[in-house]
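Structure assessment
These are the residues of each chain, in order.
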Amino acid sequence: MSSSRGLSIAIIALCEVAALALWFSASAVVPDLLDRGLLEPARAPLFTSAVQLGFVAGTLISALLGLADRIDPRTFFMVSALVAAAANGAILPLDPNADLVLILRFVTGACMAGIYPVGMKLVTTWAKADMGLLIGLLTAAVTLGSASPYLFNALGGLDWQLTLGFASLSAIAAGLGIRLAGIGPRLAEMPPFNPRLAFKAWTNRALRLANLGYLGHMWELYAMWAWIAVFLDASFRLSFSDGAQASLLAAYVTAATIASGALGCWLGGLFADRWGRTTLTIGAMAISGGCALGVGFFFGGSPLLLTVVCLIWGVTIVADSAQFSAAITELSEPGLEGTMMTLQTCLGFLLTLVTIQLMPVAVGALGWEFAFMVLAIGPLWGVIAMARLRRLPEAAKLAGGRK
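None of the values given here were measured: they were computed from a predicted structure.

1. Details of the overall build of the protein
Regarding its fold elements, the protein presents 18 helices and zero strands. Each of the 403 residues in the protein was classed as buried or not, and the buried ones make up 61%. Across the protein, every contact between residues at least 6 apart in sequence was considered, and the portion connecting residues at least 24 apart equals 84%. For the protein, the accessible area works out to roughly 14400 Å², and carbon and sulfur atoms hold 70% of it.

Shown next as structure tokens:
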């Protein structure tokens, strides 16, 4: 790896970590806001769903216009990060129940369309025979960034305004820092503008199956990330008499659970390039789906055992994430990689709007002991989709022929 290549990849990854702190910055403070009576319970899931909806809108516009393949990715990333940081920071003086908070969270999510998939496109311009590893590193950065607000929340003494403030400052640093990264030689020219090119994600059978696998993965991922803090807080309160101690421990374990996915992303990328994309994704979804089925049995029990299960879940639930993006890159026509990855994330996050809102319903009907079981549906259909992709001739394009 040349110094310029290595330095650029490192800068891209660090900026992705810093910018993605915005994603769950509001979700991380929900348990504290609820505990202090500052947030109406019915509005709690909207803190995350507003971001997801904004991201869907942003990625849909970006995909249809081909923005990820037409604009210098560093410029797109910088502007998106700075606008998102401003929108997030504007929440600080507001009442958490104000409708404007949800609008600002929507804007933050829309800007993520210029950060998450664009960062992946930027790093793929440096790929050689290590596409899975590089996108795995970027997804690890996304995971660490998503976990950081929970750490800010814990270190800030559960002060919700400090958490949001730190996240905005982190994103500003990312927006300015991305200009220091270079663009690699693997940047292809995009075909002439044609909005119908975006529909190749569904009309091409191999791309469709890769996207279906990704949808199965996304059915589980963000609902788990959005609700694991509330689940752990409720569980630890049954184990500890001191509610403040339980909440603080829940914040740390949540941060560790989400951040552990960074290890999964790195290992997933490393092994997928050696064993194959479908092999890795099928294995990861089988384990994470098993955790979704079983984690509720540890609710209210040993905090140590529950933490171990959550860490295993945290590693495996995102270990396959980057490999769906890598597969899309390998299966797409040259010059359409950014658009196809953007559309993939658009479809995935549209689905998360359902599962994030589904969790409170499941908790009310089934209790925390069984609520997460509904998330296992996603890994099941994801495994089926990737098994079918594995049998197609196009699968030979994956990981240099390693299916």
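2. What to know about the environment of Gly 294
Its location among the elements puts Gly 294 in helix H13 (residues 277-294). Exposure remark for Gly 294: the relative accessible area of 18% places this residue in the buried category. Between the alpha carbons of Gly 294 and Phe 372 there is a distance of 8.4 Å; along the sequence they are 78 residues apart.

3. What about the packing of H13 against helix H14 (residues 303-316)?
Any two packed helices are characterised by how steeply their axes cross, that is the angle between the axes, and by the distance between the axes. Following both chains from N to C, one finds H13 and H14 inclined at 145 degrees, their axes separated by 9 Å at the closest point. Our pair here, H13 against H14, has a crossing hand that is left-handed. Facing H13, whose interface residues are Ala 284, Ile 287, Ser 288, Cys 291 and Ala 292, H14 presents Val 309, Ile 312, Trp 313 and Thr 316.

4. Some words on the pattern of salt bridges
Tallied over the entire structure, the rule returns four salt bridges. With its nearest N and O atoms 3.0 Å apart, the salt bridge here joins Asp 99 to Arg 43. Of the two residues, Asp 99 sits in helix H6 (residues 99-111) while Arg 43 sits in the loop between helix H2 (30-35) and helix H3 (44-65), which places them 56 residues apart along the sequence. A relative accessible area of 53% places Asp 99 in the exposed class. Residue classification places Arg 43 among the buried residues on the basis of a relative accessible area of 13%. A salt bridge links Asp 72 to Arg 74; its shortest N-O distance comes to 2.9 Å. For Asp 72, a relative accessible area of 27% translates into the label partly exposed.

5. Side note on the side chain of Thr 59
By the secondary structure assignment, Thr 59 is in helix H3. The class for Thr 59 is buried, based on a relative accessible area of 0%. With near-sequence residues (within four places) excluded, Thr 59 lies in contact with Ala 113, Thr 342, Thr 345 and Cys 346.

6. Some words on the side chain of Asp 320
Tracing the backbone shows Asp 320 in the loop between H14 and helix H15 (321-331). It turns out Asp 320 is buried and unbridged, and the closest side chain with the opposite charge, Arg 277, is 12 Å from it. If near-sequence neighbours (up to four positions away) are discounted, Asp 320 is found in contact with His 217, Leu 280, Thr 281, Ala 284 and Met 285.

7. Let's talk about H3
A rise of 1.5 Å per residue sets the reference length of H3, with its 22 residues, at 32 Å; its end C-alpha atoms lie 33 Å apart and thus fit the reference within 8%. In the stretch just after H3, Gly 66 is the one whose phi turns positive, near 65 degrees.

8. Concerning the confidence of the model for the protein
Overall, the predicted model of the protein reaches an average pLDDT of 84, with 89% of residues at or above 70. For the protein, helix H10 (residues 200-203) is the element with the lowest average pLDDT, namely 68, and H14 is the one with the highest, namely 95.

9. Overview of the packing of aromatic side chains
Pairs of aromatic rings are described using the distance from one ring centre to the other and the angle between the two planes. Counted under the stated rule, the structure contains twelve aromatic pairs. Here the aromatic rings of Tyr 214 and Phe 324 are separated by 6.0 Å at their centres, their planes lie at 70 degrees, and the arrangement is edge-to-face. Of the two residues, Tyr 214 is situated in helix H11 (residues 205-239) and Phe 324 in helix H15; the sequence distance between them amounts to 110 residues. Assessed through its relative accessible area of 0%, Phe 324 is described here as buried. By the ring-pair criterion, three or more aromatic residues cluster together here, those being Phe 231, Phe 299, Trp 313, Trp 368 and Phe 372.

10. Remarks on the nonpolar core
Residues Trp 23 and Phe 372 are the most contacted members of the largest nonpolar core, which totals 105 residues. For this core, the leading source of residues is H11, giving 19 residues. Non-local contacts of Phe 372, meaning those with residues more than four positions away in its chain, are made with Ala 223, Met 224, Trp 227, Ile 228, Phe 231, Ala 292, Val 295, Trp 313 and Met 359. If you look at the next biggest cluster of nonpolar residues, it comprises 15 residues, including Phe 47, Val 101, Leu 104 and Leu 164.

About the criteria used
Position labels on residues start from 1 in each chain and follow its written sequence. Residue-level local features of this predicted model are given only where pLDDT is at least 70; pairs of side-chain atoms are given and counted only at 80 or more, and the full residue set underlies all totals for whole chains, interfaces and linings. Side-chain numbers here rest on the full set of heavy atoms in the structure, without hydrogens or water. A run of H or I in DSSP counts as a helix once it spans at least four residues, and a run of E counts as a strand once it spans at least two, with each numbered from the N terminus. Only protein chains enter the accessibility calculation, which uses a 1.4 Å probe; a residue is then buried when its area is under 20% of its type maximum, exposed when over 50%, and partly exposed in between. We call two residues contacting when some pair of their heavy atoms lies within 4.5 Å. Surface exposure here means Shrake-Rupley accessible area, sampled with a 1.4 Å probe, where a residue is shielded only by the protein chains that are shown. Between the N-to-C directions of two axes lies an angle of 0 to 180 degrees, each axis being a line fitted to C-alpha atoms and, for a helix, fitted only over the stretch in contact. Put simply, a crossing is left-handed when the front helix is turned counterclockwise from the back one by less than a right angle, and right-handed when it is turned clockwise. Salt-bridge detection follows one rule: a side-chain nitrogen of Lys or Arg within 4 Å of a carboxyl oxygen of Asp or Glu. His is not counted, nor are the chain ends; Lys and Arg add positive charge and Asp and Glu add negative charge. One less than the residue count of a helix, multiplied by 1.5 Å, gives the span that helix is expected to have. Confidence of the predictor in every single residue is expressed as pLDDT, which spans 0 to 100. Two aromatic rings, drawn from Phe, Tyr or Trp (for Trp, its six-membered ring), form a pair once their centres lie within 6.5 Å of each other, and the interplanar angle then sorts them: stacked below 30 degrees, edge-to-face above 60, tilted otherwise. Only buried residues count toward a nonpolar core, which is a set of Ala, Val, Leu, Ile, Met, Phe, Trp, Tyr and Cys residues joined through side-chain atoms within 4.5 Å.

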